[in-house]
Structure formats: C-alpha cells, structure tokens
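Coordinate analysis (summary)
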Amino acid sequence: MTIIAITYINTQEVANISKDIISLTDDLNREFTNLFTRFSGVPTITKEWVGNQASIYFDKVASDKQQYINFCNQIRNIGYKLTNNLYEVQNCINKNNTEEWKKES
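Okay, so let's go over this structure. As the structure is a prediction and not an experimental result, all values here were calculated from the model. (Residues numbered from 1 in each chain as written. Predicted model: local features only at pLDDT ≥ 70, side-chain atom pairs only at ≥ 80, totals over all residues. Heavy atoms only, no water.)

Examining a nonpolar patch on the surface
Where we set the bar: Nonpolar side chains (Val, Leu, Ile, Met, Phe, Trp, Tyr) are joined into patches within 5 Å and like charges within 9 Å, using only residues with over 30% relative accessible area and no salt bridge. The Shrake-Rupley method, run with a 1.4 Å probe sphere, supplies the accessible areas, and residue values consider only the shown protein chains as cover. A pair is scored as a salt bridge if a Lys or Arg side-chain nitrogen falls within 4 Å of a carboxyl oxygen belonging to Asp or Glu. Going along the chain from the N terminus, every DSSP run of H or I of four or more residues is numbered as a helix, and every run of E of two or more is numbered as a strand.
Residues Ile9, Val89 and Ile93 make up a contiguous nonpolar surface patch of roughly 210 Å² in combined accessible area. Take Val89: it is sitting in helix H2 (residues 52–104).

Here it is in structure tokens:
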C-alpha cells in the first residue's frame, strides 16, 4: 500500500516570510553594530565608566561582537535558504504543470 501525502504551499507567503527574515536580520545587525559602537566608546569617549574594570568589561564585550554577527548571519542564511528552496519548489511545480499540459494536449 502506497500512501501519498499532499502538502499545499503558499509560495508567495513563504517568499514574504523569507524577505522579512532577511530584512529583520539586517535591522538586528544594524542595532547590534550601534550597540557595540556605543559600548566601545564608554571607557574612552563618553567616559561614563572608566578604570581597569571598565576596560576589562568592554574588551570582553568587544570580543563577543563576532558571536552576535555570526548569529545574525545564520538567521539571514535561513532566509536565503528559504528563498532558494522556494525557487526549487516553484520550478518543480512549473515543470509538473508543463508535463501535465503536454499530456493533455
């Protein structure tokens, strides 16, 4: 016995979601960049917190920046993968529709 499952995909909705993921990740990355820029100026420019402890803390924060950038990149890549997979699904649908049309002709 063969069981066939049919899944309906709203490709436009998936495309919108993937665009939103990419756009929101760009916004998040911009906010992280602003935050780390602000942090880097605390002990030297704004001098809101100075001294050895401030330097140690903000050096640690600066070293964590790459982890946040990597996090944003991973999420952005999910958006790109969704888009690429969507194209593959759409191509498959188009191919099947073309083959069905040929059979009917």
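Quick word on the nonpolar core
We count it as follows: The definition of a nonpolar core used throughout is a set of buried Ala, Val, Leu, Ile, Met, Phe, Trp, Tyr and Cys residues joined through side-chain atoms within 4.5 Å. Categorising residues by exposure relies on relative accessible area from a 1.4 Å probe, with only protein chains included: less than 20% of the type maximum marks a residue as buried, more than 50% marks it as exposed, and the intermediate range marks it as partly exposed. Any pair of residues with heavy atoms lying within 4.5 Å of one another is described as a contacting pair.
Core analysis: the biggest nonpolar cluster contains 7 residues, these being Phe32, Phe36, Val42, Ala54, Phe58, Val61 and Cys72. Counting residues per element, the ones that place at least two in this core are helix H1 (11–46) and H2. Setting aside chain neighbours within four positions, we find Val61 in contact with Phe36 and Phe39.

What about the environment of Asp64?
Relative to the helices and strands, Asp64 resides in helix H2. For Asp64, a relative accessible area of 19% gives the class buried. Between the alpha carbons of Asp64 and Tyr87 there is a distance of 36 Å; along the sequence they are 23 residues apart.

Description of the pattern of salt bridges
Summed over the entire model, instances satisfying the criterion amount to 4 salt bridges. In this structure, the salt-bridge partner of Glu48 is Arg38, at a minimum N-O distance of 2.6 Å. Remark: Arg38 occurs in helix H1 and Glu48 occurs in the loop between H1 and H2; sequence separation between them is 10 residues. Judged by its relative accessible area of 51%, Glu48 is exposed. The partner of Asp64 in a salt bridge is Lys60, and the shortest N-O contact between them spans 2.9 Å. Remark: Lys60 and Asp64 occur in helix H2; sequence separation between them is 4 residues, near one turn of the helix. For Lys60, a relative accessible area of 49% gives the class partly exposed.

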